[in-house]
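Per-entry structural report
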Amino acid sequence: MTKPDLLLAQDYQDNIDVRQYWVSEKLDGVRAYWDGKQLISRGGNIIQAPAWFTADFPPRPLDGELWLARQQFAQILSTVSKQQPVNSEWQQLAYYIFELPQAEGTFTERIRMMQLLVQQQNSPFLQVVPQFRVADRATLLATLTQLEQAGAEGLMLHHQDAHYKTGRSADLLKLKTYQDAEATVIGYRPGRGKYQGMVGALIVRTPEGLEFAIGSGLTDALRQTPPAIGSEITYRYNGYTSNGIPRFARFLRERQAF
């Protein structure tokens, strides 16, 4: 299975007119493309959803997120990556759509089309990601703070007049108080004190060749059984130091090829 061709977001820029955008919560789930017959992960793997879960999905492409609740990414990934789906786990999920691939019209028009589609299909497992407006940048940032304090990952902004396209585009923007990126684990720093005999930090290398250590965000379980050397991880950070090292780097999760 080849990877689906999807619309990808750029980072938010302060110089935009937020009144021209629809805003939604950035769901921390597993992105999935519905090709009209099956769900496909961003990595190109068929997601083994139970037949009853997708029984009332339409025979047309959809783009969205398999989601359970805030800060439940590990549980969602565990559920959707099983080759033998567990009904009781899938009953907790829903597929939240935020795009209609190949559809005509502006994004504002596609929102209405998505809402009508979900109403017509009448499936408890098919939902639309709520879209809303903000009056100005201050309101946008206040909304971001409020949602992040409630456990949300961030916000997405989609230009109201955007016609559907794929690839990375300024029509779609992501906004978070932190940045995140991927790196490869190349070694470990031994723990000290209460972490004696465990991993104190992961030594990682970015795709650009930058090497540094990440100790924050590691649970005791991860310190005892850390991500393997050669594995990919996702980390959060807040800008860069004067030496170009990600500031306040914090382990987020092991990156899944799924």
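Before any of the text, the structure's been laid out above.
Notes on the structure in this doc start here. (Residues numbered from 1 in each chain as written. Predicted model: local features only at pLDDT ≥ 70, side-chain atom pairs only at ≥ 80, totals over all residues. Heavy atoms only, no water.)

Notes on the sheet that holds strand 14 (residues 232-237)
Our working rule: For two strands to be treated as a pair, DSSP must find no fewer than two bridges joining them. Helix and strand labels come from DSSP, where a helix needs a run of H or I of at least four residues and a strand needs a run of E of at least two; each type is numbered from the N terminus. An axis is simply a line fitted to the C-alpha atoms; with a helix, the fit covers only the stretch in contact. Between two such axes, the angle follows the N-to-C directions and lies from 0 to 180 degrees.
The strand order across the open sheet formed by five strands is 13-12-11-14-15, and the pairing between neighbours is antiparallel. Two strands in the sheet have a free side with no partner beyond their single neighbour: strand 13 (211-214) and strand 15 (250-254). Going from strand to strand, the sheet's axes swing by 45° on average, the running direction of each strand aside. As paired strands, strand 11 (residues 179-190) and strand 14 are joined by six bridges and run antiparallel to one another.

So, the pairing of strand 14
For a regular strand, side chains alternate in direction, first toward one face of the sheet and then toward the other. Sheet analysis places strand 14 next to strand 15, joined by four bridges and oriented antiparallel. In the sheet register, Tyr235 faces strand 15, and the bridge partner there is Phe251.

Some points on helix 4 (residues 107-121)
Our working definition: Expected helix span is computed as 1.5 Å times (number of residues minus one). Residue exposure (1.4 Å probe, protein chains only): buried if accessible area is under 20% of the type maximum, exposed if over 50%, otherwise partly exposed. Throughout, the arc means that of the directions going from the helix axis to the C-beta atoms. For this analysis, residues touch if any pair of their heavy atoms sits within 4.5 Å.
For helix 4, with 15 residues, the first-to-last C-alpha span of 21 Å sits near the 21 Å given by 1.5 Å per residue. Within helix 4, the full set of buried residues consists of Phe107, Arg110, Ile111, Met114, Leu117 and Val118. With its buried residues spanning 130° around the axis, helix 4 presents them on a single face. Among the exposed residues of helix 4, those oriented more than 90 degrees off its buried face are Gln119 and Gln120. Those residues of helix 4 that are buried lie in contact with strand 2 (21-25), strand 6 (62-67), strand 7 (94-99), strand 8 (126-128) and strand 9 (155-159). The positive-phi residue at the C-terminal boundary of helix 4 is Asn122, with phi of around 55°.

As for the pattern of salt bridges
Counted only if it meets this: Criterion for a salt bridge: a side-chain nitrogen of Lys or Arg within 4 Å of a carboxyl oxygen of Asp or Glu.
Considering all chains together, one arrives at 11 salt bridges under this definition. The shortest N-O distance in the salt bridge between Lys26 and Glu153 comes to 3.3 Å. Within this pair, whereas Lys26 is found in the loop between strand 2 and strand 3 (30-34), its partner Glu153 is found in the loop between helix 5 (137-149) and strand 9, the two being separated by 127 residues in sequence. Residue classification places Lys26 among the buried residues on the basis of a relative accessible area of 18%. Of the charged contacts, one joins Asp63 and Arg31 as a salt bridge, the two residues approaching to 2.6 Å between their closest N and O atoms. Separated by 32 residues along the polypeptide, Asp63 in strand 6 and Arg31 in strand 3 bring together distant segments of the chain.

A word on the environment of Pro190
On the secondary structure map, Pro190 appears in strand 11. Aside from chain neighbours lying at most four places away, what touches Pro190 is Met198 and Gly200.

Here we look at the nonpolar core
To keep things clear, this is the line we draw: What is meant by a nonpolar core is a set of buried Ala, Val, Leu, Ile, Met, Phe, Trp, Tyr and Cys residues, joined one to another through side-chain atoms within 4.5 Å.
Ranked by size, the top nonpolar core spans 32 residues in total, and within it Leu39, Phe53, Leu62, Leu66, Val80, Tyr95 and Ile97 carry the most contacts. Among the secondary structure elements, those contributing two or more residues to this core are strand 3, strand 6, helix 2 (73-80), strand 7, helix 4 and strand 8. No other element matches helix 4, which puts five residues into this core.

Notes on the pairing of strand 3
Most of strand 3 is tucked away: five of the five residues are buried. The alternating pattern of strand 3 places Val30, Ala32 and Trp34 on one face and Arg31 and Tyr33 on the opposite face, and all of these are buried. The sheet contact formed by strand 3 and strand 6 spans five bridges and is antiparallel. Note on strand 6: the bridge partner recorded for Trp34 is Leu62. The sheet contact formed by strand 3 and strand 4 (residues 39-41) spans three bridges and is antiparallel. Bridge pairing in strand 4 places Tyr33 opposite Ile40. Remark: four residues form the turn of the hairpin made by strand 3 and strand 4, two consecutive strands paired antiparallel; Gly36 in that turn has positive phi of roughly 105°.

That is the geometry; function is a separate question.
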